[in-house]
Amino acid sequence: MALTIIQHPLAAHLLTHLRDQTTKPALFRTLCHQITLLLALEATRDLATEEKAVKTPLEPCRSRVLARPLAIIPILRAGLGMVEPFLGLFPDVSVGYVGLERDHATAIAHSYYCKLPPLGGRRVLVIDPMLATGGSAAQALDVVTAAGGTDVALVCIVAAPEGVAFVEQRHAAVPIITAALDRELNAKKYILPGLGDFGDRLYGT
Ligand code: PRP
Ligand code: URA
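Here's what I pulled together on the structure shown here. A quick note: this is a predicted structure, and the numbers were derived from the prediction, not measured. Residue indices follow the written sequence of each chain, beginning from 1 at its first position. Each chain gets a letter, beginning with A, and each ligand a number, beginning with 1, in the order they are written. For a predicted model such as this one, the threshold for reporting local features is a pLDDT of at least 70, and the threshold for listing and counting side-chain atom pairs is 80 or more; totals across whole chains, interfaces and linings nevertheless cover every residue. To obtain the side-chain values, all non-hydrogen atoms of the structure were used and water was disregarded.

## Some remarks on the sheet that holds strand E11 (residues 158-159)
At step 1: In this analysis, strands are considered paired if DSSP registers two or more bridges between them. A run of H or I in DSSP becomes a helix once it reaches four residues, and a run of E becomes a strand once it reaches two; helices and strands are each numbered from the N terminus. Judged by pairing direction, the sheet is parallel, and its three strands sit side by side in the order E9-E11-E13 without closing on themselves. Looking at strand neighbours, the two that pair on one side only are strand E9 (130-131) and strand E13 (180-181), the edges of this open sheet.
At step 2: As paired strands, E11 and E13 are joined by two bridges and run parallel to one another. Across the sheet, the residue bridging to Ala-159 is Leu-181, located in E13.

## Quick word on the site of ligand 1
At step 1: Working definition: residue near molecule or strand if any one of its non-hydrogen atoms lies within 4 Å of it. Around ligand 1 sit 16 residues, and of these Arg-102, Asp-128, Ala-132, Thr-133 and Ser-136 come closest.
At step 2: Polar contact is defined as a pair of N or O atoms within 3.5 Å, subject to the rule that within protein one atom must be able to donate a hydrogen and the other to accept it, and that residues adjacent in sequence are counted only when both atoms are side-chain atoms. A distance of 2.5 Å is found between an oxygen atom of ligand 1 and a side-chain nitrogen or oxygen belonging to Asp-128.
At step 3: A distance of 2.5 Å separates an oxygen atom of ligand 1 from a polar atom in the side chain of Ser-136.
At step 4: Starting from 500 Å² of accessible surface for ligand 1 in isolation, the protein chains cover 92%. Values of accessible area rely on a 1.4 Å probe in the Shrake-Rupley scheme; residue burial ignores everything except the protein chains shown.

## Notes on the pattern of salt bridges
At step 1: We define a salt bridge as a side-chain nitrogen of Lys or Arg found within 4 Å of a carboxyl oxygen belonging to Asp or Glu. By the definition in use, this model includes nine salt bridges.
At step 2: The salt bridge involving Glu-42 is made with Arg-45; its shortest N-O contact spans 3.2 Å.
At step 3: The rule is simple: take the accessible area with a 1.4 Å probe, protein chains only, and divide by the maximum for that residue type; under 20% is buried, over 50% is exposed, in between is partly exposed. According to the relative accessible area criterion, Glu-42 is partly exposed, its value standing at 21%.
At step 4: We note a salt bridge from Arg-170 to Asp-142, for which the minimum N-O separation is 2.5 Å. With Arg-170 in helix H5 (residues 161-170) and Asp-142 in helix H4 (residues 135-146), the pair connects residues that are 28 residues apart, well separated along the chain.
At step 5: Among the residues examined, Arg-170 registers a relative accessible area of 38% and is labelled partly exposed.
At step 6: Among the charged side chains, a network of salt bridges with common partners joins Asp-46, Arg-68, Arg-123 and Asp-151.

## A look at the site of ligand 2
At step 1: Around ligand 2 sit Arg-102, Met-130, Ala-132, Lys-189, Tyr-190, Ile-191, Gly-196, Asp-197 and Phe-198, and those are all the residues in its vicinity.
At step 2: Between ligand 2 and Ile-191 there is a distance of 2.8 Å, counted from an oxygen atom to a backbone nitrogen or oxygen.
At step 3: Between ligand 2 and Gly-196, the relevant distance is 2.8 Å, taken from a nitrogen atom to a main-chain nitrogen or oxygen of the residue.
At step 4: Summarising the interface, the protein chains cover 89% of the accessible area of ligand 2, which totals 240 Å² for the free molecule.
At step 5: Counting atoms within 2 Å of the grid points, the majority share of ligand 2 lands in the largest pocket. The way it works is a 1 Å grid over only the protein atoms, where trapped points that fit a 1.4 Å probe form a cavity and open points with protein on both sides within 12 Å along at least five of seven lines form a pocket, and then any residue with an atom within 4 Å of a point lines it. The way we define it, a molecule is inside a pocket or cavity when more than half of its atoms are within 2 Å of that pocket's grid points.

If you want it as structure tokens, here you go:
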């Protein structure tokens, strides 16, 4: 399985401000939007294209367009913060939703919602900013592959080694694209150094 950690000075800059505990929700949402744009470009850099004839104002030419549709599956709730940048870059993207919430005591995620578009023939990106134990991502990937997703990748902002290993074990063929691979999980299964609870910081809860 391929793990890609995006290397870009702007990604590092944005991540620093996301980590900063003094960053308030409005700025946090903006930073989330901006870093997701960089992740989205990386996660789609190998999308298939096909030739198309167009006429420029000067002459006809053959150029290229995207050949296959894209689907994104945000894991609710924090994954919602990453949807808008994908919609901006790929206006035709289909959006499905998987609702998962970790139990505060056990850190085991339970499912409370699922609505998926057709996934066959599409690049499917499961998007969730935090990959901690990997339980939520692995459950979402179970659902997506059971629904016919075959070309699937996971996009996150901060990953822990434990989560990467768990997803690798359960979904060996799924590439992971992240902006950071952090040190470890703490006893409560939060990522260290991490940035805290992403959903709470995104929505001010
Ligand atoms: C967070 C985060 C991931 C999950 C990661 O969601 O957005 O979905 O935890 O943890 P894991 O890798 O150990 O499963 P949370 O359950 O806090 O729900 P929320 O998005 O509604 O805040
Ligand atoms: N979910 C979060 O939002 N943050 C963590 O550090 C772990 C899981």
